[in-house]
Amino acid sequence: MSATPNARAAAHRARTIAAIARTRATSTAIVLDAENRAFAQWISTLLTDAADALEAEEPAVMDGIVIRNTIDSDARYCLDLADEIAAAHPAVGFPPRLSQYVTVPMFGNGIDLPPSLLPGGPVLIAKEGDLFARLLALHALLETASTTEEVTTAALESAFAFHWQHARLAESEAVAANRPANRPAVPAAVEIATPATPMALRRAHEAHGPTLTYPLSHRRLPCHISDQGVTHTAVRMVSHLGATITTCDDTTHRDAAAVAARELHDSLG
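All residue numbers refer to positions counted from 1 along the written sequence of the respective chain. For this predicted model, a pLDDT threshold of at least 70 governs which residues receive local features, and a threshold of 80 or more governs which side-chain atom pairs are given and counted, while totals over whole chains, interfaces and linings are taken from all residues. To obtain the side-chain values, all non-hydrogen atoms of the structure were included, while hydrogens and water were left out.

**Considering the overall build of the protein**
For clarity, the cut-off: Helical segments are the DSSP runs of H or I of at least four residues, strand segments are the runs of E of at least two, and each set is numbered from the N terminus. Each residue's exposure class comes from its accessible area (1.4 Å probe, protein chains only) as a fraction of the maximum for that residue type: buried when under 20%, exposed when over 50%, partly exposed otherwise. Here, two residues are considered to be in contact whenever any of their heavy atoms come within 4.5 Å of each other. Note on areas: Shrake-Rupley, 1.4 Å probe, and residue coverage restricted to the protein chains presented here.
Broken down by element type, the protein carries 8 helices and 8 strands. Looking at the protein as a whole, 41% of its 269 residues qualify as buried. If you take every contact in the protein between residues at least 6 apart in sequence, the share linking residues at least 24 apart comes to 58%. Summed over all atoms, the accessible surface of the protein reaches about 14400 Å², with 57% contributed by carbon and sulfur.

**Structural notes on the nonpolar core**
Put simply, the test is: As used here, the term nonpolar core means buried Ala, Val, Leu, Ile, Met, Phe, Trp, Tyr and Cys residues forming a set that is joined through side-chain atoms within 4.5 Å.
The biggest cluster of nonpolar side chains holds 47 residues, and the ones touching the most others in it are I17, I43, L47, F94, L98, Y101 and F160. Put simply, the parts of the chain that give this core at least two residues each are α1 (5-26), α2 (34-56), α3 (73-88), α4 (99-107), α5 (122-142) and α6 (149-177). With residues near it in sequence (within four places) discarded, F94 still touches I17, I20, A21, R24, I43, A86 and F160.

**Focus: α3**
Quick note on the threshold: One less than the residue count of a helix, multiplied by 1.5 Å, gives the span that helix is expected to have.
Taking 1.5 Å of rise per residue, 16 residues should cover 22 Å, and α3 covers 22 Å from first to last C-alpha, within 8% of that figure. Burial in α3 covers these residues: A75, C78, L79, L81, A82, D83, I85 and A86.

**Structural notes on the pattern of salt bridges**
The condition is simple: The salt bridge criterion pairs a side-chain nitrogen of Lys or Arg with a carboxyl oxygen of Asp or Glu, the two atoms within 4 Å.
Counted according to the given criterion, the structure contains 6 salt bridges. Here R168 and E171 are joined by a salt bridge, their closest N and O atoms 2.9 Å apart. In this pair, R168 and E171 are both assigned in helix α6, 3 residues apart and thus about one turn of the helix distant. By relative accessible area, E171 is classed as partly exposed at 38%.

**Some remarks on the packing of aromatic side chains**
As a reminder of what qualifies: Note on aromatic pairs: the rings of Phe, Tyr and Trp (six-membered ring only in Trp) are paired at centre separations within 6.5 Å, and the planes decide the class, stacked below 30 degrees, edge-to-face beyond 60, tilted for the rest. We call a charge positioned above a ring when the Lys NZ or Arg CZ atom is no farther than 6 Å from the ring centre and deviates by at most 35 degrees from the ring normal.
Counted according to the given criterion, the structure contains 2 aromatic pairs. Members of the aromatic cluster, connected to one another through ring pairs, are F94, Y101 and F160. The ring of W164 has R168 lying over it, and the distance from NZ or CZ to the ring centre is 3.9 Å.

**So, the environment of I192**
Its place among the elements puts I192 in the loop between β3 (190-191) and α7 (198-208). For I192, a relative accessible area of 12% corresponds to the buried category. C-alpha of I192 to C-alpha of L212: the two residues are 20 residues apart in sequence and 6.9 Å apart in space. When neighbours within four sequence positions are excluded, I192 is seen to be in contact with A204, H208, L212, T213, Y214 and P215.

**Overview of the packing of α1 against α4**
This is how the line gets drawn: Angles here are taken between N-to-C directions and fall from 0 to 180 degrees, while the axes themselves are lines fitted to C-alpha atoms, restricted in helices to the stretch in contact. Each angle receives one of four descriptions, namely roughly parallel if under 35 degrees, roughly antiparallel if over 145, roughly perpendicular if within 65 to 115, and oblique otherwise.
It is the contact of α1 with α4, at a shortest axis distance of 8 Å, that shows an interaxial angle of 170 degrees. Here α1 lies roughly antiparallel to α4, going by the angle between them. Facing α1, whose interface residues are N6, A7, A9, A10, R13, A14 and I17, α4 presents Y101, V102, V104, P105 and M106.

**A look at the packing of α2 against α3**
Counted only if it meets this: Left-handed describes a crossing whose near helix is turned anticlockwise from the far helix through less than a right angle; right-handed describes the clockwise counterpart. Residue polarity is assigned by list, with Asp, Glu, Lys and Arg as charged and Ala, Val, Leu, Ile, Met, Phe, Trp, Tyr, Cys and Pro as nonpolar; anything else, Gly included, falls into the polar class.
As a packed pair, α2 and α3 sit with axes 8 Å apart at the nearest point and diverge in direction by 160 degrees. Relative to α3, α2 is oriented roughly antiparallel. When you trace α2 past α3, the crossing you get is left-handed. Residues F39, W42, I43, L46, L47, D49, A50, A53 and L54 of α2 form the contact with α3, whose participating residues are D74, A75, C78, L79, L81, A82, I85 and A86. Split by residue class, the contact of α2 with α3 holds 15 nonpolar, no polar and 2 charged.

**Observations regarding the confidence of the model for the protein**
Going by this rule: Across the chain, each position has a pLDDT score giving the predictor's confidence in that residue, from 0 to 100.
Averaged over every residue, the pLDDT of the protein is 79; residues scoring 70 or more account for 69%. In this model, residues 177-184 is a region of pLDDT below 50 whose contacts with residues beyond four sequence positions or in other chains number 4 contacts.

**A word on the side chain of R13**
Rule in force here: Charge assignment: positive for Lys and Arg, negative for Asp and Glu; neither His nor the chain ends contribute. The term polar contact refers here to a pair of N or O atoms within 3.5 Å; inside protein, the definition further demands a hydrogen-donor-capable atom paired with an acceptor-capable atom, and it admits residues adjacent in sequence only when both atoms are side-chain atoms.
Mapping R13 onto the fold places it in helix α1. Buried and unpaired, R13 has E143 as its nearest opposite-charge partner, separated by 8.6 Å. Within the structure, R13 has its side chain in polar contact with the backbone oxygen of Y101 (distance 2.8 Å). If we ignore the near neighbours within four places in the chain, the residues touching R13 are Y101, V102, V104, P105, L142, T144, A145, T147, T152 and L156.

Printed below as a string of structure tokens:
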């Protein structure tokens, strides 16, 4: 007995998505670094292996009835591993549970949208909303197991194009959120004399709030970053239930000095 029509339909979906992944891995028109191209190729290989297993599976028969909604262990392993790779490497532009697209003919399952980026501005909210609306329309079509192979192929190619756009939107949102103008503001620090004791520091916080600045006249803080053999030194603390340093020359030095500043801040109370 050959594979059931359900298994063959699932195999077709797996091969279609494998071809999409292979294009991601090889096309010069797609901007992916070498590592993510390798992950895309791995997904393609796994889905091809899953399709082979689905087509080769002999369906189980119980009391003369052919069981059409089971997937053998080899196909299941390949699909699960493809899901793990897609979820761990979102830059590839695949949904974290891509196997849902494959298993509809077997299980009649639904297909989830990718996790929302929860974008912070109206433009990004509108862009993500548009992508989700388009995906939902395609999911309604793809959740119908009886579609022809031609319709299924076209719908999958469109859906994964939208997943690619969503991944690029995630990258642009991450870049925007990391711009200095978009980072949470740190409250202005109150200038105080260098506290001589932990109790003096505690009282200053009680009097002026959590954000204080004071010179480190007796204990300078090396930032642990060497620039051509020279270790920069931070000479002023800004504490905000923690601390950051404002006197190093660049972000790398400042962040490294902040580690030492937090250690001093914790030691003082």
